[in-house]
Each structure stands twice: as structure tokens, then as C-alpha cells.
Amino acid sequence: MRSATRSMMARVSPGQAKLAEKLIILNSRAIGMLTRVYNIKKACSDQRSKPTFLTDKALESGVKFIVRKFPQVDIRSNQNQLAGVNNAKNDILKGLSLYYHTFVDVMEFKDHFYDLLGLFDSLSVYLDLTVNFDLTSGFLDLVSRFVSLMIIVSRIDDRKAIIGLYENAHDMIHGKVDKDYSRLSQMIVDYENPLKKLVDDFGAHCRTMHSAVMSLINVYPSRNVTADTWRSAALFNIVAAPSQMLNPAPSEKVQCEYVSLENIERWAYFGYLLCHTSLVSNQEACGGLWRPVLQSNFCLTLFRDEIIMVHRSAEEVFSSIKGYNKKVSEIKECREYSAQNAGKMHKERRRYLRTSLKEFIALLTDQPGLLGPKTLFVFMGLSYARDEVLWITRHAGNLVKKASGEDFVDRHLGELIFYMEELRLLVRRYDEVIQRYYVQFMYGYDSVVLNETVQNLSVCPEDESVIMTSVVNTMTSLSIKQVEQKEIFDFRAMRLDWFRLQAYTSVNKAALYLKDNIGLARLMNTISFHCRVVDELDEMIHETSDLSNFCFYTTFFATAFKRCLELPAQSRFSIAFPLVCGHFSSAVGDFCPEERAHVRDRALNFVNQFLEEMAKEARNLLFNIAAEQSQLADNLLSKMAALRLRHSLAKKGKTKKNTKNPVQDMPKPGEESMRKDRLYVTKMDKYHMALAEICSAINYRPSIVVWEHTFTPKEYLTTHLESRFSRTLVSMTLNKETNEIAKPSELLCKLKAYMSVLQTVENYVHLDVTRIFNSVLLQQSQMMDSHGEITVTTLYTQWYLEVMLRQVSAGSIIFSELRRHFVKLPNSHHESSSSNQPPVNPEEYSNINELKALAQIIGPYGMKFLNESLIWHIASQITELKKLVLQNMDTLAALRTNFDKPEQMNALYRKLDGVENVLLRMTIIGVILSFREVAQDALNDVLQQRIPFLIASIEDFKDHIPKETDIKVTMSVNELASAAGLSCEIDPTLCSALASQKVENQEEEYRVSCLLMVFLAVSIPLLARDDKSLFLADFVGHGNNCHCLARAVNQIASALFTVHRGKVEERLKEFLALASSSLLKLGQETDRASTRNRESIYLLLENIVRSSPFLTMDLLESCFPYVLLRNSYHAVRRMQPVSNATRAEATQATASA
């Protein structure tokens, strides 16, 4: 039967055999089958993706029974064991259908493969990689893919369970066995040990395999050489022979120059293993192919991350064959050799490729015209680099014993990948240069030489003649204008004709035998290469530099990136890793569309992760530099000068007794810039160098496109800089450990230092740093930033309200009208009002310079928030005051109408409840308004410097509002002026806060407001009893801050009666009448305790009038004699406390006398 089949095959003509077409189709199908089987293996090895039937407890016993009895399972006599399968038979049939039919497809593919293999044998096809490259490489690819497929199938642990479950469910439903089951189950059983079975099967096909594998002798030894051999040959060094720079790269076997080295090794390994009977005695095959492959590798790729350990697998095959003990020993020797030398050899190769490709790229970048004649070198460089990258990728996780791990850790791998991306970019950027060169080459040289060669052929059959004529005509018709007009070239038909011609002329007894016309074959191979670089440049780039396998070596990929980023000198090449993620799209095909989403997500996650890490690294370096510069700026502050002076005095005052512990010198500003020599590298130098490197990577590409998603590295950096700058600004503001807040002037100094450093990033990356500043500082001027985090504005607002102003209310701090800030009274030992807050020096935080610095940091929006927060506290105090008024409603109404009746006034006054509370709350309001006034002045000073013309316009607008203008318009103008830091007669913010309070009865609310002013007016004399009410001339203020009542009275009155549509001036006149009447009664008091600080309180009344825009001094004199004020000033001056310095001077004068 077999002889009949052979005789029938022998009668098949080469044209009818269609070897070329079958090779193309089966190779494509082999890739698809590998993809599907690979995904089944990965799904079954992961508990999360494994078919539920294999993990279902109800089916567990049935599955074990099926696997144990596989392939023959009698369902009728074993119904008890298969009861669970019977219950879920429909779901099993539906759920495992795809898996089962994939195995059926594998079986059918196996049949087609062996049919084609028999056809090759029957036709005695001549295979030589350097002659009929397409035919030989296609054949060897098909064989290696088939072997890989069968090995991977045997690695699916659940294959018997899947096939058996499906078959039993099918039998239960349809009552018969599936038509493919018997052959499929037999294949699964046969290929339990795939290599052994394959070796047996290939015994009859050794002749064809022998010629194909032996042709690798002409290619592999020249490719598998050491770096020293490359160096001596000046590989990729096109300037080594200047006279030949413009000549095209010479080679008689063009495609063999850039074919994957791993492909050659896989062809040689499987070819020798499967056809060992004909090759084991061939010393040339052993010494030139088999032994070098074993000495250079631990493993070879089957598909993606599925590998075969070459030594162990070969040892298993040969150990079962009699007489191969010597061969097994040879394999062990090769394994020892590879463990010691393979890693070092490939490490040296990568080192040479890094330096040579760097020079090669520099030359091509400077002279892109060289891309034409040196295109072959470009693709060779890509292929060689790709081979080395993939070699270390698959070997790093599959080491053999005695292999040194250091040889498989390459911190410079990113650099090699980067140069590959550079070459890819150059080819794509100057594709027109390459097209122009080779179009001219094809119609000017190739067509002429090919025509002459064809004319000189002794025999040329009709079919071959038609193909050759068609090729010549296609090249002759080319024109340079087609390139200039950007015409799309398509030479696929011509290359397919050449593939067919190889098949026709490679069979035994062909009229035009290719073995006898090697010159023609190599010329056509060269022409095929020229065609591909014209019309399939992207496919050529993919073929020689595809790194999509990284998608399946995720741990190694991430580790390589991390190592690249950790080494400052290599961080500029880290951008290569996100770029490689663009290759992942080529890893998926049409045979397994369900994996597309998974691979896409993995690629996008990698890109995002890498760009995040790069941006973080740049951000950390930048802020390390900024922190150092901030510290240097901090050393220049005046407080450091005081510390240095104190340190100097302490050093001079050191006694001889303590010479054993000398005082350490404080570093002086500027010492960090002093160097002993140029070779000394400081920490800052290292930071700057590392920053320049990583920024070079970020700035390498404006955008990266992966799976139709566009990533912009600069935006990642911008986002991280914004986030870190915002967090740093907040952390510099408040020290969480000590709970201390920074002085605004010091914070501004640090902020400027940080901003100046951040500005330098524009020297490395095309980045708009001003946009970052605007975004961050604008967010810091709000209550919360865009991430919901606390801001500088909120921190300072809370601190001023809850710490400083609360300590002011405690009584040891007063607001000085002279100095325009809060000061601590002499001889006061006030403890913090809050155990969590340290006592503060109010002068350091409330003076005009500090508040101007605060205004520069948080801007008008932040100051507006501070202003509104202060007003909110005032509004809450007014609410409490109104409650006190409601408690004393009738008494206050009587006081209002009987102010000219002293006896009744005294009687009514005694009935009032909460007088001290009213004064205290009004004083608090006055203190808050005093601080607010200084803050507004500071804001106005800053804006006068920044936007003087706009501020002038606002001032002019405010000052020239007609009196008859509607109050709403006036309030709008006042609101604009208040936002600019200008003072207004009627405070718009306070009016808005009061208007927002719920009012049930407008008239009643107005009456309460009037009585509040009455309550305050009759309560003022009580202040004379307080020891702290003394007016302090040195500070121009009262010891208990009651001088702040002047602002409180005027501001509250103007706001209340504006909101309630009252007349402010009349109400203030009423207040003045009541207050002056109440104060004049103090002159009639005989109790010294009641009149202790009467004169100081008289001055308060004058202060109220002087600070009011509605009252005049003439009006004051009409109800309160000025002589009392004059005498009060004299009396207050005599009552001033003597300071410690004055007391010391007086004591010294007395002693001298």
C-alpha cells in the first residue's frame, strides 16, 4: 500500500503538488494552532480560568474515573461513577466544545503535515537555506512548529479529562461516540512522550530533513561566533573601510544574514534530534551544528514562554536508544560547558552590540542617505540585537546547575533595546530614502543582471520562463517618479512567483534544476530582499526586531526595567520599555481572538506602570535637589545669622576646663560650592546627572501609541510634579511632629527655592512649569485641593483662628495700633490655651511683612477665604450677642428711652444680665477685625506691587460711587474693593454673612440690633473696673484689647443697619449719646474700684469716634467735654507701668548718688 502511494505521488508534477502554497497555509495554521493550544494550557494551569467542570466537586470522582480508564470508558456499565457527568452533560458539551475541537484540529493538522512531508520525500525536494531560502525556511519552520505543537499538547495536564468528559457527555446525549474520538484519543496516548514518538515517526523522512539541516552548516557557524570575532571583522563599523561606505552591503545569502539565530538553532536541534540516525555519524553535523547548539543554550523557545530544556530532552531521547551512551556523555559535557561559558559569551556579544550599534546609529542619524546602501546592515543589527535580548530573556529564568547567576543579570539591557528602537525609528523616518535607493537599484541593476542570467540559461521550461519574464518586466517598469508621487508598491505576487519557482525547480529531475543554477537562485533571493524593503518595510522591521515575547515574560520585563531605572547612567534608556509595549499587538492573531483583550490590557498596564515609575524617579530627583536648595536658602535667613552669632560667642567663651569638648564649627553659607579639585563629585552633582538622564528618556518621544491608546510621558511627569509640589508645600507649612506652623516669610523663602529648582526642569523637558505653578498655587488658595486634601490656606486659616487669636483672647497678647500687629505684654507668662499647641510669639506671625508673605503664597483667593472665615466667627459671636439682647429685651428698651434719667438708668443697669459677656464677645470681634484689617492691608500692598494699574482703577471706582447709587450696586463695588484689600465704610463680607442668617421677623431683628448697640453703650463703663483696661502708650492700646471695640462698634453697626435697611448714622449717634452719658456718670462715682481706669476708657470713646466714618469729633464734643479727654491723656501718661530697663536705670542712678 505504501509503495502504491509513493508511485502515485511520484506521478504528481511539481506544479500540481503546490508545495509553496501548502507550506504557506500550513505554517500560518501552525501558528494559529500553537496559539490556541498555548491558551488552553495556560487556562488549565490557572485555577481562576480553568473550566469549572474540572474543579467541580460533584464531578471530581467522575473526572478521575474517566482519566484512569482513558481512552476506553464504558458509560453504560459505569453509570454510578458517571452520575455527576450525566447530570451536567449538556453544560459539559457546550463548555468544552471549543477545547475538544481544538484537539481535533491538532489531529487534522498532524495528518496534513505528514501528507506534505511524504510529498516532499516522494518528490526528492532539494533543500538548501542559501539557495531556495523561502522553501527551506518554510519547511524547517513547519517541522519545528509541528514538534512544538505536539510537545505543548502533551504538557496540558487536563487533556485526557477534557477529551474524556466531552466524549462521555456526547455519548450520553447522542447515544453514540463522536466520529473523531477514537483517532484523537489514540493520538493523545501515542504522544504521551512526544519526542520519542516524533523520533519514531520521522525515521522514514530523514532524507529530506537531512539535506535541509545540513544546509545550515553554511550559515550557523558564521552566525554563532564570539564578540571578539565580530570585533576583528569590524561588524557594523562602516567607517572601517571608508572607500566602501557608499557600496551596498555585499552578501550572497542575504536572507540568511538577518534570519533569527534562535530559529536556526531550533531547526538544527530538532532536525538532528528527529533524524539522528542519519546525522549522528556525520562529524560535520555534530561539530558544526549539534554541539555548538548545546554549548550555546540551556533552552530553546517552543512558543512564547514555553521552552524546551535542550540537554535534558536530548538526554531523555538518546538514553533510551542502545549504543548512544557516548552521545549522552557528550550532551552532559556540553551542558557543563554551556553552564560555564554560554552566559559570558552572550554577555560579551551584548556589550559589543551596544557600542557598535551606538556608533552605527550616530552615523546614520548624521548621514541618513547611508540607509540605502547599508539597509542590510540595519536589519542585521536589529536581528542580532533581538537574538541576544530574547536569549537572556528565556535563559534568565531557566538556569542549569553550576551556571553563574551574575552572567544572566544585565543592567544594560535597556540600552540595547533602546538602540533597536532608534534603528526602527530611523528606518521608518527615512523610508523614502530606502525606497528611492532600491527602486533605482531594481530597475537599473537587478533587472539587467537577471535578464542576462535568464538569457544565458541552457534550459528554461515554459512555466519557469513565464515567471522569470514577469519578474524582469515588473522591475523594468519601475520608476523613481513612483516614489516621489508616494505610490504604494506591492511585489507580493512577484515574491510568490519566486517561491513557486523554487518549488518547481527544487524537485528531482526538474528541467531547470535549481541546484545546478545557484547563481540564479541567489540573485533572485537578493531581488526578493530588495522588493521587501520597498513594499514591506514594516514587516521587515517586525521580522527582525519584534520583542512581543516580553508580553509573556512579565516578571523579567518588569525587573529589567527596574534595573535600568536604578542605574543613573542607564535611566535615559528606560523609555525603550514603554516603546516595546507597542510590539505586543503583533503577538495576537486571527486564530485566537479571545486573547486580544488580555494582551491589550497587559500592554496598556505595562506602559502606564513604566511611565509612572519614570515620572516618579524624575520627580524624586527634582524634589531632592529642591530640598537641598531650600535648606541652603534657609541658611541665609536672619535667624540663622543670630544662631551663628550665638555659636561664635559660645565658642569664644569656652573655658580651658572644657577644652576636651570643643564647640563644633557651624557650616557657613557657600561652603558647599568649594571643591578641592574637579574630580570631586558632590551629592548634588549626582542628582543633577541622574535628573538629566531620566528627563532625556521622558523627552525622547512626545507621545507613545500602544493599541490605539496615546500616552504622553510629559503629562505623567506634570501630574506627579503637581501632586508632589502640593504635598511638599503643605508639609513645609505644618510640622506634624511638633505641630508647629512655619512663618509665612520662611515658607515663602522655601517656596521660591523650590520654584526656582522646578523651573530648571524646562532645561531638560519641554514642559510648561508655569502651568504647574498656576495649578498648584491656585488650588492651595482654596479650602481643599483637587484631591480633597487640606491646603496651605486652610492650615493658616485654622492656625490663625484656633491658635493665635485664641491665645490673644486669653489676655497676655494685645493688638498694638502703633506697630500694627499683635504683641506679647511685658512680664506675662502665659501658657498655651491648648495643650496640643505650643505657645507662639504673635509678633512673628502677625506683622505686616509676614502677612504680606502669606498674601504672596495663598494669593487673593486664599486671603478671601481667610477673610470669610474670620467673618464667620464674627457672625457667630453676633448671634450669641443677640441671644443676650433677647434675655434683656425689656430692660434695654427702658434704658434706651430713659438715658437722660440717671436714677432710673442706674436701677435698670443693675437688672442687666451678661454685661461682661457682651464686652468679652465684642472685644473678641474687635480683635478679629483688627487682625483682618492688617491682613487686608498686606494683601493690598502685595497687589499694589503686582497689579498697580488694576488696583488704581478699583480704588478710583470705589471712591467715586455716587451717594444716590442703589445699595446693591454699592455692595458689589465694595465686594470688589474688599477682594483687592481695600477698606470700605460698609463691610460687604460681614453684610453677606449677616444677611445669610435666618430672620423670621425683620422688624424684630432690627429692634434687636438697635438694642444690641444700647447694651454695648451702657456696658462700656464696666471696663473701668478691669486692671487690664489701662491704656498702654508704648503700644497705643489697652491691656485687655478693649481698644479693638472701636472697630467692632463701627463695623457691626454699619453692617447690621445696612442689612436691616436702617440709618447707620442715626444709630451710631444714639450709641454715642448713651455711651457718653454712661461714661460721664463715672465722674460722679466715689468707689475707686469702679473708676480705676476711667481715663483709659474715656480714650476708648474718642477712638470709637475717630475710627468711625459716620461720627465726627464735633459731635463727640457736643456730648462729651474735650477737656476730659485732654486730662485723660495726661492721667494715662502718669499711670504708665515702668519697664524693667527703666527701673534698672533708676536704681543705678540712685546707687551712684
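Going by an unreviewed UniProt entry, the chain carries the name Nck-associated protein 1 and comes from Phallusia mammillata. You can read under Sequence similarities (unreviewed entry) in the UniProt record for the chain the words "Belongs to the HEM-1/HEM-2 family."

Novice: Is there a simple way to think about the overall build of the chain in this case?
Specialist: When helices and strands are tallied, the chain shows 52 helices and ten strands. In terms of C-alpha radius of gyration, the chain reaches 47 Å, well past the compact-globule figure of 32 Å for 1153 residues. Each of the three principal axes of the chain carries a C-alpha extent, and together these read 145 × 80 × 75 Å. Counting only residues that meet the buried cut, the chain has 53% of its 1153 residues in that class. If you take every contact in the chain between residues at least 6 apart in sequence, the share linking residues at least 24 apart comes to 79%. Of the roughly 53200 Å² that the chain leaves accessible, carbon and sulfur atoms contribute 50%. The distance from the centre of the 135 positive side-chain charges to the centre of the 133 negative ones in the chain is 5 Å.

Novice: In this structure, what is going on with the pairing of strand S8 (residues 821-824)? I would like to understand it.
Specialist: The sheet contact formed by strand S7 (residues 813-816) and S8 spans four bridges and is antiparallel. Pairing of Ser-816 across the sheet is with His-821, part of S8. Adjacent in sequence and paired antiparallel, S7 and S8 are bridged by four residues, among which Arg-820 carries a positive phi angle near 65°.

Novice: Please clarify how the side chain of Glu-1070 should be interpreted in this entry.
Specialist: Structurally, the position occupied by Glu-1070 is in helix H48 (residues 1064-1080). For Glu-1070, the side chain forms a polar contact with the side chain of Arg-896, separated by 2.5 Å.

Novice: Help me understand helix H45 (residues 988-995) in this model?
Specialist: Since there are 3.6 residues in each turn of an α-helix, residues three or four apart along the chain are aligned in direction. Most of H45 is tucked away, with six of its eight residues classed as buried. Among all positions of H45, only Pro-988, Thr-989, Leu-990, Cys-991, Ala-993 and Leu-994 are buried. The inward-facing, buried residues of H45 contact helix H39 (848-887), helix H42 (915-946), helix H44 (967-979) and helix H47 (1045-1059). Where H45 begins, one side-chain oxygen reaches toward the backbone nitrogen of Thr-989, 2.9 Å away; that side chain belongs to Asp-987.

Novice: Quick question: what am I supposed to make of helix H23 (residues 431-455) here?
Specialist: An ideal rise of 1.5 Å per residue puts 36 Å on 25 residues; H23 measures up with 34 Å between its terminal C-alpha atoms. At Met-442, H23 shows its maximal bend, which comes to roughly 40°.

Novice: Looking at this structure, I do not really get the layout of surface pockets. What am I missing?
Specialist: Gaps left between atoms show up when a probe the size of a water molecule is rolled over them. Computed from the structure, the second largest pocket encloses a volume of approximately 720 Å³. Elements represented by at least two residues in the lining of the second largest pocket include exactly helix H43 (948-959), H44, H47 and H48. In terms of residue class, the lining of the second largest pocket is made up of nine nonpolar, five polar and ten charged.

Novice: Looking at this structure, I do not really get the packing of helix H37 (residues 792-812) against H42. What am I missing?
Specialist: The angle between the axes and the distance between the axes are what describe a pair of packed helices. Close contact between H37 and H42 brings their axes to 11 Å; oriented N to C, the two are set at 125°. The orientation of H37 with respect to H42, classified from their angle, is oblique. Relative to H42, the crossing made by H37 is right-handed. Along its contact with H37, which presents Tyr-800, Met-804, Leu-805, Val-808 and Ser-809, the element H42 presents Ile-924, Val-927, Ile-928 and Phe-931. The residue makeup of the contact of H37 with H42, split by class, is eight nonpolar, one polar and no charged.

Novice: Any chance you could explain the packing of aromatic side chains here in plain terms?
Specialist: Scanning all chains against the criterion turns up 56 aromatic pairs. For the pair Phe-298 and Phe-408, a centre-to-centre distance of 5.6 Å together with 45° between the ring planes defines the contact as tilted. In this pair, Phe-298 is assigned in the loop between helix H18 (283-296) and strand S1 (299-303) and Phe-408 in the loop between helix H21 (375-395) and helix H22 (413-429), connecting sequence segments 110 residues apart. In this structure Phe-298 comes out as buried when scored by relative accessible area, which is 0%. Centre to centre, the rings of Phe-550 and Phe-556 are 6.3 Å apart; their planes meet at 10°, and the pair counts as stacked. Through a chain of ring-to-ring contacts, three or more aromatic side chains come together here, namely Phe-550, Phe-556, Phe-557, Phe-561, Phe-577, Phe-584, Phe-606 and Phe-610.

Novice: What's the story with the nonpolar core in this structure? I'm lost.
Specialist: Most often, soluble globular proteins keep nonpolar side chains buried together rather than apart. Counting residues in hydrophobic clusters, the biggest one holds 385 residues, and the most contacted among them are Leu-19, Tyr-269, Leu-450, Phe-584 and Met-922. Ranked by residues supplied to this core, first place goes to H39 with 16 residues. When residues no more than four places from it in sequence are discounted, the contact partners of Leu-450 are Met-468, Val-471, Val-472, Met-475, Leu-520, Leu-523, Met-524 and Ile-527. Core analysis: the next-biggest nonpolar cluster, separate from the first, contains six residues, Val-823, Leu-825, Leu-1032 and Phe-1035 among them.

Novice: I tried to follow the confidence of the model for the chain on my own but got confused; where do I start?
Specialist: Should the pLDDT be low somewhere, the predicted coordinates at that spot are not to be read in detail. Of the residues in the chain, 95% reach a pLDDT of 70 or more, and the chain-wide mean stands at 88. In the model of the chain, helix H1 (residues 2-10) stands out as the element of lowest mean pLDDT, 39, in contrast to helix H30 (residues 576-580), which has the highest, 96. Note on residues 1-11: pLDDT under 50 across the span, and five contacts to partners over four residues away in sequence or across chains. Note on residues 1141-1147: pLDDT is under 50 here. Beyond four places in sequence and across chains, it has one contact.

Novice: Whenever I open this one, the pattern of salt bridges confuses me. Can you help?
Specialist: As a working rule, side chains carrying opposite charge can pair if their charged atoms are close by. Applying the stated criterion to the full structure yields 67 salt bridges. Asp-410 is the partner of Arg-350 in a salt bridge, and the nearest nitrogen-oxygen pair spans 2.7 Å. One end of the pair, Arg-350, is in helix H20 (residues 325-366); the other, Asp-410, is in the loop between H21 and H22, and 60 residues separate them in sequence. Note on accessibility: Arg-350 and Asp-410 belong to one class, buried.

Novice: Would you explain the environment of Lys-374 in this entry?
Specialist: Relative to the assigned elements, Lys-374 resides in the loop between H20 and H21. When the C-alpha positions of Lys-374 and Glu-265 are compared, they lie 26 Å apart, and in sequence the two are 109 residues distant. Here Asn-247 takes part through its backbone oxygen, which lies 3.0 Å from a polar atom of the side chain of Lys-374.

Novice: Please explain the state of the cysteines as it appears in this structure.
Specialist: Where two cysteines share a covalent bond between their sulfur atoms, that bond is called a disulfide. A complete count under the given rule lists zero disulfides for this structure. With no disulfide of its own, Cys-991 lies 9.9 Å from the sulfur of Cys-984, the closest cysteine sulfur.

Novice: Looking at this structure, I do not really get the packing of helix H46 (residues 1002-1019) against H48. What am I missing?
Specialist: Where H46 contacts H48, the axes come no closer than 8 Å and their chain directions differ by 30°. Taken together, the axis directions place H46 and H48 in an arrangement best described as roughly parallel. Between H46 and H48 lies a crossing of right-handed hand. For the pair H46 and H48, contact is made by Tyr-1006, Cys-1010, Met-1013, Val-1014, Leu-1016, Ala-1017 and Val-1018 and by Arg-1067, Leu-1068, Glu-1070, Phe-1071, Leu-1074, Ala-1075 and Ser-1078, respectively.

Thresholds applied
Residues numbered from 1 in each chain as written. Predicted model: local features only at pLDDT ≥ 70, side-chain atom pairs only at ≥ 80, totals over all residues. Heavy atoms only, no water. UniProt positions renumbered as here; feature names shortened; annotations may be inferred. Helix = DSSP H or I, 4+ residues; strand = E, 2+ residues; numbered from the N terminus. Rg over C-alpha atoms; globule rule 2.2 N^0.38 Å. Buried < 20%, exposed > 50% of the residue type's maximum accessible area, 1.4 Å probe, protein only. Contact = heavy atoms within 4.5 Å. Areas by Shrake-Rupley, 256 points an atom, 1.4 Å probe, with all protein chains shown as cover. Lys, Arg positive; Asp, Glu negative; His and termini not counted. Charge placed at Lys NZ, Arg CZ, Asp CG, Glu CD. Pairing = 2+ DSSP bridges. Polar contact = N/O pair within 3.5 Å; in protein donor to acceptor, adjacent residues only side chain to side chain. Expected span 1.5 Å × (residues − 1). Bend = angle between axes of the 7 residues up to and from the residue. 1 Å grid on protein atoms, 1.4 Å probe; cavity = no way out; pocket = protein on both sides within 12 Å on 5 of 7 lines; lining within 4 Å. Points joined across faces, edges and corners; volume = space filled by probe spheres on them. Nonpolar A, V, L, I, M, F, W, Y, C, P; charged D, E, K, R; others polar. Axes fitted to C-alpha atoms, helices over the stretch in contact; angles between N-to-C directions. Parallel < 35°, antiparallel > 145°, perpendicular 65-115°, else oblique. Left-handed = near helix turned anticlockwise from the far one by under 90°. Phe/Tyr/Trp six-rings, centres within 6.5 Å; stacked < 30°, edge-to-face > 60°. Core = buried A, V, L, I, M, F, W, Y, C linked by side-chain atoms within 4.5 Å. pLDDT = per-residue confidence, 0-100. Salt bridge = Lys/Arg side-chain N within 4 Å of Asp/Glu carboxyl O. Disulfide = S-S within 2.5 Å.

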